[in-house]
Every structure is written in structure tokens, then in C-alpha cells.
Amino acid sequence: MKNREVNFDGLVGPTHNYAGLSFGNVASLNNANAKSSPKQAALQGLGKMKALADMGMAQGVLAPQERPDIHMLRRLGFSGSDADVLKAAAEKAPEVHLACCSASSMWTANAATVSPSADTADGKVHFTPANLTNKFHRSLEPEVTGRILQGTFSDSKHFAHHKHLPDNEHFGDEGAANHTRLCHDYGQEGVELFVYGRHAFDQSKPAPTKYPARQTFEACQAIARLHGLSDENVVYMQQNPAVIDQGVFHNDVISVGNQNVLFYHEQAFFDTEAKLQEIQEKFGDRLLHFIKVSTEAVSVQEAVRTYLFNTQIITLPNGEMAIIAPTECEESESVSRYLSELVTLDTPIKKVHYFDVKQSMRNGGGPACLRLRVALTEQELDAVNPNTLMNDTLYAKLTNWVNKHYREELSVADLSDPTLLIESRTALDELTQILKIGSVYPFQRV
Ligand code: SUG
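Just so it is clear, the model here is predicted, and its values are computed rather than measured.

Asks: Help me understand the overall build of the protein chain in this model?
Replies: A tally of regular secondary structure across the protein chain gives 17 helices and 15 strands. Its C-alpha radius of gyration of 21 Å places the protein chain within 12% of the 22 Å reference for a compact globule of 446 residues. Out of the 446 residues belonging to the protein chain, those deemed buried represent 62%. A fraction of 76% describes how many contacts in the protein chain between residues 6 or more apart in sequence connect residues 24 or more apart.

Next comes the structure, spelled out in C-alpha cells:
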């Protein structure tokens with residue numbers, strides 16, 4: 001039986017913009033109010049998906065969400081026609097309006113936590129959408145994310161879906177961005193690493209002081225319980241509070257794993273040595289590659305600027321691993337030097353492929369943010385909605401769809417234009433037919 005890890009990338013939505021919504025995420029704040037190009041952003045994302053499919057990887061796509069979120073604006077007291085709602089919100093509560101226009105669901109590493117069937121008590125693949133409570137614009141996502149995941153992984157014989165954790169900062173959960181799975185073969189039992197930023201109930205424990213820790217220890221434990229994971233196969237690790245304060249708002253900005261490789265910055269974790277030892281013990285006597293990057297080779301600041309660790313490490317059909325990195329890594333002297341050397345060392349990583357995902361990078365979203373990893377057996381892959389799996393035909397359809405519906409350029413002022421709402425709904429309605437995921441959007445359900 002062939003087991004594989006499938007990347008499900010988020011398709012960038014038609015309202016992609018730079019609103020400076022994410023305190024603690026340096027790129028988001030630095031690019032606030034810049035003009036965006038939704039069309040370029042979506043095409044860059046599709047280009048990466050197609051390239052991975054062409055490398056022989058199984059690649060899926062997850063639909064974006066309906067924005068502006070008129071339903072939330074109505075819930076917050078704006079009324080009248082949709083156009084009235086947008087106009088009043090933009091005038092009277094501009095920050096709330098911007099939050100309701102964000103295309104942030106594109107970063108599907110934050111869509112959910114996924115545990116493969118080899119790790120779970122009932123032998124099903126488990127999904128829990130992330131509640132994303134720390135940022136209002138992101139907290140709008142989990143309900144529809146859940147529906148999109150169910151439309152993509154609908155077969156209850158293989159897939160189990162949970163409701164997102166309670167919408168409260170005590171259970172702040174950012175999904176797979178803080179979750180890594182180490183394993184020998186994708187279909188064999190693995191060790192799931194849950195990385196958190198703070199303890200919610202015990203305030204005496206270390207925590208960052210400048211920027212928020214979005215993920216709590218208590219949320220990690222709840223997910224492990226829901227997914228039926230065994231304590232023997234789970235490791236909880238705390239992120240180093242000092243790096244959160246330097247802009248590492250998710251663990252996938254400072255470490256990434258794949259199969260028997262954990263690639264991390266020496267400052268990534270708290271209590272590193274003890275935790276690496278626990279990982280090795282739980283992994284057993286099989287070979288694990290801990291690839292540590294020293295501060296001397298790449299500073300935390302440079303890692304955050306270039307997203308060296310927000311790379312995807314993928315296993316190619318020939319068994320070798322490759323790194324999918326943003327072009328910012330290639331443009332940095334220290335990081336490109338590090339990567340050219342890495343592929344010559346005695347580790348499974350043998351190649352680096354650079355991709356231009358600058359539209360997403362400017363909001364703090366690198367290649368790894370754009371994808372949700374789902375390890376599947378062959379039977380499970382057969383049970384996935386086939387219309388969401390990338391191939392030449394789907395790529396051509398989605399490229400045409402983007403070219404037909406997306407704007408070349410968008411400024412923050414354009415977000416209150418009622419025609420943008422109509423354009424966006426028209427596009428998404430057509431998309432649900434292309435992907436055959438059902439009526440997942442609120443405007444399709446009234
Ligand atoms: O949640 N940026 C996202 C980036 C998410 C990156 N994901 C991972 N690291 N996995 C965030 O901070 C910025 C939106 C704006 O400012 O317009 C934003 O939401």
C-alpha cells in the first residue's frame with residue numbers, strides 16, 4: 001500500500017489585501033496599506049501547486065472563504081442592504097470592516113490540525129479546524145473551514161471531523177502551523193509534536209512579553225484527546241518566548257519537520273535538549289535527523305525575514321527530500337549560502353526549489369503557510385473529493401477562473417466597493433461548482 005502526504009493549498013481569495021491586522025507578525029504590520037494584487041497572489045499560489053503536482057506529488061486545493069463577511073458585520077449591528085452595510089462599516093468602524101474583508105483563509109496551515117489514521121485510536125484521519133481566537137479577522141474562519149474540509153473529505157468511513165475548540169483565548173488554537181509529525185513511513189504510527197506559546201491556566205509559566213502567544217498548551221492537549229492520540233506518540237513543546245517576541249508568531253516560522261527530519265533554529269524551543277531527547281525516545285531506535293541551524297549561520301531576524309523555516313520539506317517519488325523555499329531565501333546571502341551547503345550534507349534533503357509567493361509573503365505567509373498537510377493511505381486518497389486534486393485540467397480551469405474574476409490590483413479603499421462583494425460571490429459560486437464541494441458559503445445557504 002502506498003502512503004503519501006498530500007499538500008492541500010489554500011486558494012487565495014478575491015479580496016487579498018494588506019490591512020496590517022496581525023500584531024506580532026512583522027510582515028503584516030510593515031506592509032499595511034500597500035496595494036495588493038489578488039490576481040497575482042492567486043496565480044502565484046496556483047503556480048506552486050502545479051509545480052508540486054508536476055514533481056509527482058499528490059496536491060490538493062482548498063477553497064477560500066466569502067469576504068467581505070457581511071454576515072459578521074450584520075451581527076455587529078450594521079444593517080440595510082449589503083452596500084449600506086459595507087459603507088457604514090467602512091465609515092464608522094474601519095478596523096472592523098478591514099478585518100471582515102481579509103482573505104486570510106489562504107494560509108491553510110492554520111485551517112486545522114490533522115492526525116493521520118496510523119496515529120488515531122479509531123483508525124480514521126481526524127480534523128479539527130483551528131479557532132484562531134487571537135486575531136479577530138482569523139476567528140471568522142473556523143465554521144466555514146469545517147464545511148470546506150467536510151466537502152473535501154466527506155467519507156465518514158475514513159474521515160472524522162471535530163468542531164473547533166471553544167472560542168476563547170484559553171484554548172487559542174492555530175492549527176497545523178504549530179503541529180509537526182515525525183514518522184518513518186507516512187502510513188506508520190508517528191510522533192506528533194504539538195508546539196505551544198503559553199500555558200493558559202498557569203500564569204507562573206514563561207510567556208512572551210511583547211507579542212502574543214497565539215497557541216496554548218491546553219489547546220494542544222484538547223486536540224490530542226479529540227484525535228484519540230496515545231501519550232506514547234505525542235510530545236508537547238513550548239516555543240521559546242524570546243523568539244515569539246522577535247516576530248515568530250507561529251512555530252512554522254522557526255521549524256519544520258518531514259518524516260525523520262526535524263529542521264529547526266537553535267533558538268526555536270524552550271527546554272530544547274530534554275524535548276529532543278523525548279522525541280528520540282518516542283521515535284524509537286530508528287534514525288532521526290535533527291538539523292539545527294545556529295544563530296551564527298542565520299539570525300532569528302533573518303529567518304523571520306526570509307522564512308527559511310516556512311519552507312516545505314517534501315519527499316519526492318524517488319525517496320529524496322526537497323525543500324520548497326520562497327525566493328526571499330535565494331535573495332539572502334546567509335540563507336542561500338546555508339541552503340546550498342545543506343543539500344551537500346549527510347541528510348535526506350538533496351534539492352532546493354525556489355518559488356515566488358511574494359504576494360503572500362508580504363502578509364507573513366510563506367510556502368508552508370499556504371498548505372495543510374494530510375498524510376493518507378491509498379484508500380483514503382481514493383476517498384478524497386477528486387475534484388479538489390490538482391492536475392493539468394484543474395490547473396487550467398482554476399487559472400481561467402482567476403483570470404476571469406480577480407482584480408489586478410486592490411487598495412484598502414476598494415474594499416468598501418459593493419461591486420467587489422458581488423464579484424467575489426459570483427466567483428465563489430462558480431468555484432463550488434468546479435470543486436464540487438457543495439454550498440459551503442453563507443450567501444449560498446440563505
Ligand atoms: O495569521 N497574516 C497571517 C499569516 C499566517 C501565516 N501562517 C503560518 N505561519 N502558518 C496571520 O498573521 C495578515 C493579514 C493582514 O494584515 O492583512 C495575516 O492575517
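Asks: What should I look at first to understand the sheet that holds strand β13 (residues 321–326) in this one?
Replies: Pairing between sheet strands relies on hydrogen bonds along the backbone, with the strands arranged either parallel or antiparallel. Taken together, three strands build an open sheet; the order of strands is β12-β13-β14 and the sheet is mixed. At either end of the open sheet lies a strand with only one pairing partner, and these are β12 (312–315) and β14 (349–355). Going across the sheet, the axis of each strand differs from the next one's by a mean of 25°, ignoring polarity. Pairing geometry for β12 and β13, over four bridges, is antiparallel. Residue pairing across strands places I314 opposite A322, the latter belonging to β13. Running over the sheet, helix α2 (residues 38–54) touches β12, β13 and β14 and is turned about 150° from β14. Against the sheet, helix α13 (residues 333–342) engages β13 and β14, with an angle of about 145° to β14.

Asks: Sorry, what's going on with the packing of α2 against helix α16 (residues 392–405) here?
Replies: To characterise two packed helices, one gives the angle between the axes of the helices and the distance between these axes. The geometry of α2 relative to α16 is characterised by a closest axis approach of 10 Å and an angle of 175° between their N-to-C directions. As judged from the angle between their axes, α2 and α16 are roughly antiparallel. The residues of α16 that touch α2, namely those facing K39, A42, L43, L46, G47, K50 and D54, are D392, Y395, L398, T399, V402 and N403. Of the residues assigned to the contact of α2 with α16, the class counts are six nonpolar, three polar and four charged.

Asks: Looking at this structure, how should I read the site of the ligand?
Replies: Taken together, 22 residues lie near the ligand, and L21, S22, H137, D252 and C369 sit nearest. Interatomic distance of 2.8 Å between a side-chain N/O atom of D252 and a nitrogen atom of the ligand. The protein chains hide 100% of the 490 Å² of surface that the ligand would expose on its own. By residue class, the composition of the shell around the ligand is eight nonpolar, eleven polar and three charged.

Criteria and cut-off values
- Counting restarts for each chain, with residues numbered from 1 along the sequence as it is written.
- Totals for whole chains, interfaces and linings use all residues, but because this is a predicted model, local features are given only for residues with pLDDT of at least 70 and pairs of side-chain atoms are given and counted only at 80 or more.
- Values reported for side chains reflect all heavy atoms of the structure, with hydrogen atoms and water molecules removed beforehand.
- Numbering of helices and strands starts at the N terminus; helices are DSSP runs of H or I of at least 4 residues and strands are runs of E of at least 2.
- Here the globule rule reads 2.2 Å times residues to the power 0.38, and the radius of gyration is calculated from C-alpha atoms.
- Type-normalised accessible area, obtained with a 1.4 Å probe on protein chains alone, sets the label of each residue: buried when under 20%, exposed when over 50%, and partly exposed for intermediate values.
- Between two residues, a contact is recorded if the distance between any of their heavy atoms is within 4.5 Å.
- Strand pairing is defined by DSSP finding a minimum of two bridges between the two strands.
- Lines are fitted to the C-alpha atoms to define the axes, a helix being fitted only along its stretch in contact, and any angle between axes, read from their N-to-C directions, falls within 0 to 180 degrees.
- Angles are sorted into four bins: roughly parallel if under 35 degrees, roughly antiparallel if over 145, roughly perpendicular if 65 to 115, and oblique for all others.
- Here the term charged refers only to Asp, Glu, Lys and Arg, the term nonpolar to Ala, Val, Leu, Ile, Met, Phe, Trp, Tyr, Cys and Pro, and the term polar to all other amino acids, Gly among them.
- It suffices for a single heavy atom of a residue to lie within 4 Å of a molecule or strand for the residue to be listed as near it.
- Under the rule applied, a polar contact is a pair of N or O atoms within 3.5 Å (in protein, one hydrogen donor and one hydrogen acceptor; residues adjacent in sequence only if both atoms are side-chain atoms).
- For the accessible areas, the method is Shrake-Rupley and the probe is 1.4 Å, while residue cover comes only from the protein chains on display.

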